[in-house]
Amino acid sequence: FCSSARAQHSPKLAQAAMATLATPFEGKVDISRPRRLSPDFACAILLYSSIAAHAILSFVIFASKNSETPDIYGIYYDYDSNTTGWRTSECPTGYMSQSDCISGFVHSERVIETMDCINDALCTELKTCASNNPGSGSRRLSAEEEHGRRLAAKDAKNMWQFLEQHFYQPTVLFGSVFACAGLWLVALDKAPRAVIWGTMIMDILLVVAIFVWFYIETESINWACIVLAALMAIGCVVARKQINNACVMMKIAMDGLFANKRLFAVTFGVQCVWVAFFAMWIAGIIGMHFVQEAVPDPDPYWDGRCIIQVAWTGNGGLQLYWILHYYWTTYFFRNINVFLITVNISGWYFKEDGYKSFWVQGLKWVLGPMAGGTAICSAIMGILEYLLSRVSSPCNIILGILNPLEWIFVCIGLCLKTVAMTYTKFGIIAMAHGGRPFCETAPKAFQVLRAHLGDAVVTDYIGKRVMAWCTYAVALGVAFIAWAWGDQVQEIEILTEISAPALIAIMILYAWLISYPFVGLIFVIFLEQLIGGMVDAGSDERKGMNSIFASVFMGCISYFLLNFLSGVVVSAMDAALFCYAVEQSLGQKQDERFDKLYGSIKETFAVGTVVGSSEGVVVVVGTAPGGQAPARAVGAAAAPWQPPVAVVGQ
């Protein structure tokens, strides 16, 4: 491809030519080159079919809904008869209580009443069941009795009415979330080193604070905190150069994002589509419990009398599909954003014309010919989510080693760490940059990144840790502000009367619940649905439930919003690192733009150079650290040409 004379007289030209042939990626996205379908697309067809099936099933569930939970206004206790009962209840429009349904029915004694409200169709089905199944004995007394009056309409009977009446609370708090997120992005752009090192120090100080609190409360030494803090400090010292590299990479990523601010709006639009999917998913899983049928009770105690129970939607296979589909679809939407961020960051990094509109073509690719690779990655990420959590931090590794039951998960997680790196997020980044199918691109991504795997791990970890501090702090702050504000507007004092130890325990519980916003939202919605209407709308208990449920709800929503922002920043850092690796594989440099990056990486690695020889032999020389002898790789002149070996460090 080039003569030995040219290689001898122009080593830089020879280096560039060899690197071009060796690297599987170009120094550009090449937006004009069409992306073609590949066998990977079969996975996209499967995912799209699952999405369509989920949508159809959701609408079928909504259309099949035939029962509802009544609104019950408190519980009474009769001291004379020593009995309890329900106060006034009310069914939603279009529904009736089972007592009203079977009132005057000749076979009413053959029905086991529940408190659910039912529609006309289910009422007819219940009467038909009772007529065809002659039971014996007296009818079970209704749990609904007219005792008391409906309370004033001004009192919120559930969390949703509370948020509707005090709509200004979520408006102000969510506005504050966006303001804090904007300030955090500016801080990351202007002073990334201070923010990142401050985060590392705060992690250590948090462990020290736990140690001090434990010592004050128990007057004993918590050795686990000492060991953990020492390991974290040692880790910061040992990996200080990689952390500094991450600081520079953070700066480059923020420059790339701020150079094309519309990328925030585009990725937020993708997130809004996911929110619509999540709303349908939640509505579907709740609606499953209100699709009921009238059947004879199998319990011999009731002698064949009819009862209302969950119909076909109670099938375990349907619920398992609902959960698996959630994880697959959620990761697919996340990876769409990774793809869009990559094509824009790559276009900006390599100074391509019109890079600000690359997201348009990128969106067509990721939903069209390249959707298969994205779907494959999404499936892998969902499967590995728990396994990788076992090795996501030193704390989890230590806790896993101390628990023999966790050893197998720690071992599997460690073994799959590199595989997950290759075939998931960086595989998507490489696919977006190179424009080739995922199964073809992922191994080549590892080839380009193998000299920077340490930087890749540290960069991804640092980015997540820095954004996690902002996410946790703001989301937890929003939750407790919402709680205190809710107590104030309802004229109750729950939060202020909690003791300090109990408050710490509640903060830990809130932090855990908010860190799993999916679980937190399900918890609030289901609990409100199950027991919310059973509490008196004017009681302090109902007001307290309004404050607590609203605080968890708004804290989880804040976490969702900030977690989206974290994904944008971390994905931009990973994309920038991949661009740097491609640039190095091509033997290119942009000193005027990224001199700090090159200087930081140079302090960590001494990268070899390619020189020519009079015999046409390519010699790769690595500069060894610590004054050691340099490493040499010499190929014989008669041997066929092979891609050059990049000698890094030793």
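The rules behind these values
- Residues numbered from 1 in each chain as written.
- Predicted model: local features only at pLDDT ≥ 70, side-chain atom pairs only at ≥ 80, totals over all residues.
- Heavy atoms only, no water.
- Helix = DSSP H or I, 4+ residues; strand = E, 2+ residues; numbered from the N terminus.
- Buried < 20%, exposed > 50% of the residue type's maximum accessible area, 1.4 Å probe, protein only.
- Contact = heavy atoms within 4.5 Å.
- Areas by Shrake-Rupley, 256 points an atom, 1.4 Å probe, with all protein chains shown as cover.
- Axes fitted to C-alpha atoms, helices over the stretch in contact; angles between N-to-C directions.
- Parallel < 35°, antiparallel > 145°, perpendicular 65-115°, else oblique.
- Left-handed = near helix turned anticlockwise from the far one by under 90°.
- Nonpolar A, V, L, I, M, F, W, Y, C, P; charged D, E, K, R; others polar.
- Pairing = 2+ DSSP bridges.
- Salt bridge = Lys/Arg side-chain N within 4 Å of Asp/Glu carboxyl O.
- Phe/Tyr/Trp six-rings, centres within 6.5 Å; stacked < 30°, edge-to-face > 60°.
- Lys NZ or Arg CZ within 6 Å of the ring centre and 35° of its normal.
- Disulfide = S-S within 2.5 Å.
- Core = buried A, V, L, I, M, F, W, Y, C linked by side-chain atoms within 4.5 Å.
- pLDDT = per-residue confidence, 0-100.
- Arc of directions from axis to C-beta.

A.B. asks: For this particular structure, what's the right way to read the overall build of the chain?
C.D. replies: The number of helices and strands found in the chain is 23 helices and 12 strands. Residue burial in the chain is summarised as follows: out of 650 residues, 46% are buried. Excluding contacts between residues fewer than 6 apart, the proportion of contacts in the chain whose partners are at least 24 apart in sequence is 75%. A total of about 31,500 Å² of accessible surface is found on the chain, and carbon and sulfur atoms cover 65% of it.

A.B. asks: Please clarify how the packing of helix 7 (residues 168-190) against helix 22 (residues 540-585) should be interpreted in this entry.
C.D. replies: A pair of packed helices can be characterised by two numbers: the angle between their axes and the separation between those axes. Direction vectors running N to C along helix 7 and helix 22 enclose 25°, while the axes themselves pass 11 Å from each other. In terms of axis orientation, helix 7 runs roughly parallel to helix 22. Along this stretch, helix 7 crosses helix 22, giving a crossing that reads as right-handed. Contacts between helix 7 and helix 22 involve Gln169, Pro170, Leu173, Phe174, Val177, Phe178, Ala181, Leu185 and Leu188 from the former and Met554, Ile557, Ser558, Leu561, Leu562, Leu565 and Val569 from the latter. A breakdown of the residues in the contact of helix 7 with helix 22 according to their chemical character gives 14 nonpolar, two polar and no charged.

A.B. asks: Explain the side chain of Thr267 here, please?
C.D. replies: Here Thr267 is to be found in helix 11 (residues 262-287). The residues contacting Thr267, other than those within four sequence positions of it, are Asn337, Ile341, Phe564 and Val568.

A.B. asks: Explain the environment of Gly434 to me, please; I cannot follow it from the model alone.
C.D. replies: One can find Gly434 in helix 17 (residues 425-434). Sequence spacing of Gly434 and Lys28 is 406 residues, and the spatial spacing of their C-alpha atoms is 8.2 Å. Apart from residues no more than four positions distant in its own chain, Gly434 is found in contact with Phe25, Arg33 and Arg35.

A.B. asks: Help me understand unusual backbone geometry, please; the structure alone is not making it clear to me.
C.D. replies: Most peptide bonds take the trans configuration, and most residues that are not glycine carry a negative phi. A positive phi angle, near 55°, is found at Lys351, a position not held by glycine. Among the structural elements, Lys351 can be located in the loop between helix 12 (316-349) and helix 13 (358-367). For Lys351, a relative accessible area of 51% corresponds to the exposed category. Phi angles above zero are rare outside glycine, and Glu491 is one such case at about 60°. Note that Glu491 resides in the loop between helix 19 (453-489) and helix 20 (500-515).

A.B. asks: Just checking my understanding: could you explain the sheet that holds strand 6 (residues 96-97) for this structure?
C.D. replies: Within a sheet, neighbouring strands are paired by backbone hydrogen bonds and run either parallel or antiparallel to one another. On the basis of which strands lie adjacent, the open sheet formed by three strands has the order 1-7-6 and antiparallel pairing. Each having just a single partner strand, strand 1 (67-68) and strand 6 make up the two edges of the open sheet. Pairing of strand 1 with strand 7 (residues 117-118), which is carried by two bridges, proceeds in the antiparallel orientation. Bridging across to strand 7, Glu68 finds its partner in Cys117.

A.B. asks: Which parts of the structure should I look at to understand the environment of Ile380?
C.D. replies: Positionally, Ile380 belongs in helix 14 (residues 371-389). A residue is classified by how much of its surface remains accessible, and Ile380, at 25% relative accessible area, is partly exposed. Taking the C-alpha atoms as reference points, Ile380 and Thr424, 44 residues apart in sequence, are found 7.0 Å from one another.

A.B. asks: What exactly am I supposed to notice about the pattern of salt bridges here?
C.D. replies: Charged atoms that come close allow side chains of opposite charge to pair. In the structure shown here, the tally under the stated rule is six salt bridges. We note a salt bridge from Glu440 to Lys444, for which the minimum N-O separation is 3.4 Å. Placement of both Glu440 and Lys444 in helix 18 (residues 438-449) is noted, with a separation of four residues, approximately one turn of the helix. Residue class for Glu440 comes out partly exposed when judged on its relative accessible area of 35%.

A.B. asks: Sorry, what's going on with the side chain of Ser558 here?
C.D. replies: Of note, Ser558 is situated in helix 22. What makes Ser558 buried here is its relative accessible area of 0%. Ignoring sequence-local partners within four residues, the contact set of Ser558 consists of Phe174, Val177, Ala475 and Val478.

A.B. asks: Whenever I open this one, the packing of aromatic side chains confuses me. Can you help?
C.D. replies: Aromatic ring pairs are described here by two measures, namely the spacing of the ring centres and the angle between the planes. Scanning the model with the defined rule gives 22 aromatic pairs in all. On the basis of an interplanar angle of 65° and a centroid distance of 5.9 Å, the ring pair of Tyr472 and Tyr559 is categorised as edge-to-face. Here Tyr559 lies in helix 22 and Tyr472 lies in helix 19, a separation of 87 residues in the sequence. Judged by its relative accessible area of 35%, Tyr472 falls in the partly exposed class. Here Arg35 stacks its cationic end above the ring of Trp365, 3.7 Å away from the centre of that ring.

A.B. asks: Quick question: what am I supposed to make of the state of the cysteines here?
C.D. replies: As used here, a disulfide is simply a covalent bond connecting the sulfur atoms of two cysteines. Under the definition given, this model contains three disulfides. Put simply, Cys91 and Cys117 are joined by a disulfide, and their sulfur atoms are 2.0 Å apart. Linking Cys91 and Cys117, the disulfide has an S-S dihedral of approximately -85° and is accordingly described as left-handed. Placement of the pair is Cys91 in the loop between strand 5 (89-90) and strand 6 and Cys117 in strand 7, with a sequence separation of 26 residues.

A.B. asks: Would you mind showing me how to read the nonpolar core here?
C.D. replies: Among the nonpolar cores identified, the biggest contains 133 residues, and Trp281, Phe339, Tyr349 and Met554 are the most heavily contacted of them. The biggest single contributor to this core is helix 22, with 25 residues. Setting aside anything within four residues of it in sequence, one finds Trp281 in contact with His54, Trp322, Ile323, Tyr326, Phe518 and Ile522. Of all hydrophobic cores here, the second largest spans 13 residues; its members include Leu122, Cys129, Ala294 and Ile308.

A.B. asks: Honestly, the confidence of the model for the chain in this entry has me stumped. Any pointers?
C.D. replies: Close inspection of predicted coordinates is inappropriate for parts of the model with low pLDDT. Counting all residues, the mean pLDDT for the chain is 74, and 70% of those residues have values of 70 or more. The least confident element of the chain is strand 12 (residues 631-634), whose mean pLDDT is 39; the most confident is helix 3 (residues 41-64), at 93. Under a pLDDT of 50 for its full length, residues 390-395 has, in the predicted model, 12 contacts with residues more than four places off or in other chains. Counted against residues more than four places away or in other chains, residues 646-650, with its pLDDT under 50, gives 16 contacts.

A.B. asks: Where do I start with helix 13 in this structure?
C.D. replies: An α-helix turns once every 3.6 residues. As a result, residues three or four positions apart point the same way. By the burial criterion, the buried members of helix 13 are Phe358, Gly362, Trp365 and Val366. For helix 13, the angular spread of buried residues about the axis comes to 90°, placing them on one side.

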